[in-house]
Amino acid sequence: MMTEPQKIQPRPTAVSAPYFEGCRQGVLRLQQCAACGRQQFYPRIVCSHCGADDLQWHAASGAGRIASYTVVRRGVSAAYEAPYVVALIDLAEGPRMMSQIVHIDADDARLRIGASVCVEFQAWSEDIDLPVFKLLEEQ
Amino acid sequence: MAATLAIVGAADTQVGVVPGRSPTELCVDAALRALADAGLDKSQVDGLITCNAFAEPIMYHAEAIAEYLQIFPRMCMTAGTGGGTTFSVIQHAAAAIAAGTAHTIVISMADSLRSFMSREQAMLTQSSTGHPQYEQPYGPTVPAYYALIAQAHMAQYGTTAAQFAQAAVSGRAHAARNPTAQMRDLITVDDVLNSRLIADPLRLLDCSLVSDGGSAVVVTSAERARDFPHAPVYLLGSGEGHSHEHISQAASLTTSAAVLSGKQAYERAGVSPADIDFAQIYDCFTPTVLIQLEDLGFCGKGEGGAFLESGATLPGGSLPVNTHGGMLSHCHPGNPGAMFALTEAVWQLRGSAGERQVVDASLALVHAQGGIMSSHATLILGRDDD
């Protein structure tokens, strides 16, 4: 039997485990600094703003805007069926992350910088779910 | 600033599709050619700097190249900041020469993305510049990372795909005059806009080539530099800027650390953008050229599109850019890609660039960046006054 080509998989560590566990539960988690109150992505052992090391996990709203995007017309490997939309998302809480925009045709005119999006989660393997984003209706 | 470093030897291997040499062999070949150009025997080399090859990675690369060559340097370094490596190492070589660590340094870099890797291997290896946990799983290709930058520039400044395309047209116009360039047939903006989409807005002709090739220079102290067969080319100023590794962590998508590297280089050389006779600007994708022209002060921020449309960068223009054809048209074997811009700058400043010689070329700016607009290095090069 042919095995499906597998997408590139992240490898959770002790520090990032709460993030990936959140993804499994359908919650986008960000680290918040107890000293300066700012949130950050990606997970680190120190605050990227003030350098403090007391970081707490918080559930993010899942809302954001497209900071930039591109339609990948030729996939990076056989596991990625083109076209697909890779984007940078500015989360409502401040941090920026890379993701995909899903449930949209690659040539849809609503796909634009500044468009509002919200998170959902997709299975990347048996053990890993990752956050992806969809356009909010009524734009 | 008084120059401390001079380039006294420069050479490229055959470039393009070169299946008969491995990356290691191309690296050795380039080093030997540069030594011959400098009129030196390998026994006189006391410093060696290389970068690793994607197609034939070696754990201790520079050590292996030294062993292959049977040279026994006092300074031996494998550098790795992506495409910016080529020029950032010049600054380190200058420091080593000033400190007396080494006197005669060979900088040689080569790779064979075309003949020693499959297309999928080359694509996956290069896209691994993305964050392994938080970027790569989403499937960005290298063109996609740069497309994110291009889209942001278009949204912020109204730049158009046709303006990006001008960088490809300009590079090809230079390559048409260079017998060693991989692609020499002239192209138009329409040719670029009609080539197939790779990652919006980037099309095939907005993307640099995939090549094999090696290139090397020999550097020594400025005071020794007149003892060699060719007129020396002096390092008048240099600078670096490092702002991020992963594009999702960049403070700005549209303004790069080329602002910082350029400012340092201009200040150290005591010159301004208006003084530069020609420039070699890292051109892995067309938007990279446009943004770096802005960030290096050759035009205002957001005016890169109009600057390219003016024809300034073409042969005979006010600022010829990538006079060898650049990575868009000459060759692009990966991390060594900008070395060919450096050897070309040396030949232009020697006045030996043949049909493509820039008239009265006496001051050059060369700029490279690596990662995804991450690591920037700028050099300002000049020659002896007549």
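Residues numbered from 1 in each chain as written. Chains lettered and ligands numbered in written order. Predicted model: local features only at pLDDT ≥ 70, side-chain atom pairs only at ≥ 80, totals over all residues.

Peer 1: Please explain the overall build of chain B as it appears in this structure.
Peer 2: Per the secondary structure count, chain B includes 12 helices and 11 strands. Dimensions of chain B, computed from the C-alpha atoms along their principal axes, are close to 55 × 45 × 40 Å. Long-range pairs, those at least 24 residues apart, make up 77% of the contacts in chain B between residues at least 6 apart in sequence. (Helix = DSSP H or I, 4+ residues; strand = E, 2+ residues; numbered from the N terminus. Contact = placed C-beta atoms within 7 Å.)

Peer 1: What should I look at first to understand unusual backbone geometry in this one?
Peer 2: Negative phi characterises most residues that are not glycine, and trans characterises most peptide bonds. With an omega dihedral of 5°, the bond running from Phe41 of chain A to Tyr42 of chain A counts as a cis peptide bond. The residue Tyr42 of chain A is located in the loop between β2 (39-40) and β3 (55-59) in this model. The residue after Asp200 of chain B, namely Pro201 of chain B, is reached through a cis peptide bond having omega 5°. Mapped onto the fold, Pro201 of chain B is located in the loop between β5 (197-199) and β6 (202-203). Not every positive phi belongs to a glycine, and Gln70 of chain B is a case in point at roughly 55°. With respect to the helices and strands, Gln70 of chain B occurs in the loop between α2 (61-69) and β3 (75-79). Its identity is not glycine, yet Asn322 of chain B carries a phi of approximately 60°, on the positive side. Note on placement: Asn322 of chain B falls in the loop between α10 (304-309) and α11 (326-329). Residue class for Asn322 of chain B comes out buried when judged on the 29 C-beta atoms lying within 10 Å of it. (Buried ≥ 20, exposed ≤ 12 C-beta atoms within 10 Å, placed from the backbone.)

Peer 1: Mind showing me how you'd approach the packing of helix α1 (residues 23-38) of chain B against α2 of chain B here?
Peer 2: Two packed helices can be described by the angle between their axes and the distance between those axes. Residue and element names in this part refer to chain B. Look at α1 against α2: their axes get within 10 Å of each other, and the N-to-C directions meet at 65°. Of the two elements, α1 crosses α2, and the hand of that crossing is right-handed. For the pair α1 and α2, the contacting residues are Thr24, Cys27, Val28 and Ala31 in the first and Ile65, Tyr68 and Leu69 in the second. Its residues assigned to classes, the contact of α1 with α2 shows 6 nonpolar, 1 polar and no charged. (Axes fitted to C-alpha atoms, helices over the stretch in contact; angles between N-to-C directions. Left-handed = near helix turned anticlockwise from the far one by under 90°. Nonpolar A, V, L, I, M, F, W, Y, C, P; charged D, E, K, R; others polar.)

Peer 1: Looking at this model, I keep getting lost on the pairing of strand β8 (residues 233-242) of chain B. Mind explaining?
Peer 2: All names here are of chain B. Counting buried residues along β8, 8 of its 10 residues qualify, which places the element largely inside the surrounding structure. Strand direction decides the pairing type here: strand β1 (residues 5-12) and β8, joined by 2 bridges, are antiparallel. Looking at the pairing, Ala6 lines up with Tyr234 of β8. Strand direction decides the pairing type here: β8 and strand β11 (residues 375-383), joined by 9 bridges, are antiparallel. The residue of β11 that forms the bridge with His242 is Ser375. (Pairing = 2+ DSSP bridges.)

Peer 1: Just checking my understanding: could you explain the environment of Phe133 of chain A for this structure?
Peer 2: All names here are of chain A. Its place among the elements puts Phe133 in strand β8 (residues 129-135). Classification of Phe133 by C-beta neighbours within 10 Å gives buried; the count is 29. For the pair Phe133 and Ala123, spaced 10 residues apart in sequence, the C-alpha separation works out to 13 Å. The residues touching Phe133, leaving out its near neighbours within four places in the chain, are Gly64, Ala87, Ile89, Ser99, Ile101, Val117, Cys118 and Val119.

Peer 1: For this particular structure, what's the right way to read the sheet that holds β2 of chain A?
Peer 2: Backbone-to-backbone hydrogen bonds join strands into a sheet, with any given pair of strands oriented parallel or antiparallel. Residues and elements named next belong to chain A. Sheet architecture is open: 3 strands sit in the order β2-β1-β3, paired in antiparallel fashion. A single partner strand is all that each edge strand has here, and the edge strands are β2 and β3. Pairing of strand β1 (residues 29-33) with β3 involves 5 bridges; the strand directions are antiparallel. Residue pairing for β3: Gln31 is matched across the bridge by Trp57.

Peer 1: Explain the interface of chain A and chain B to me, please; I cannot follow it from the model alone.
Peer 2: Bring the parts together and some accessible area is lost; that lost area is often taken as the interface size. In this assembly, 29 residues from chain A lie in contact with 27 residues from chain B. Going through the elements one at a time, β4 (63-72), β5 (84-91) and β6 (96-101) of chain A are the ones with two or more residues in the side of chain A that touches chain B. Taken together, the residues that form the side of chain A that touches chain B break down as 16 nonpolar, 8 polar and 5 charged.

Peer 1: Mind showing me how you'd approach the nonpolar core here?
Peer 2: As a rule of thumb, nonpolar side chains are buried together in soluble globular proteins. All names here are of chain B. Core analysis: the biggest nonpolar cluster contains 159 residues, and Ala34, Ala93, Val106, Tyr146, Val217, Ala364 and Leu381 have the highest contact counts within it. Per element, the largest residue contribution to this core is 10 residues, and it comes from helix α5 (residues 142-157). The two domains that each donate at least three residues to this core are domain 1 (5-117 + 212-227) and domain 2 (136-210 + 236-383). If we skip the residues at most four places from it in the chain, Leu381 touches Val233, Tyr234, Leu235, Leu236, Ala345, Leu349, Ala364 and Val366. (Core = buried A, V, L, I, M, F, W, Y, C linked by C-beta atoms within 7 Å. Domains from an automatic or database assignment.)

Peer 1: Quick question: what am I supposed to make of helix α9 (residues 286-295) of chain B here?
Peer 2: In an α-helix, one turn spans 3.6 residues; hence positions three or four apart end up facing the same way. Residue and element names in this part refer to chain B. Among the 10 residues in α9, 10 count as buried, and that is most of the element. Within the sequence span of α9, burial applies to Thr286, Pro287, Thr288, Val289, Leu290, Ile291, Gln292, Leu293, Glu294 and Asp295. At the exit of α9 stands Gly297, carrying a positive phi of roughly 85°.

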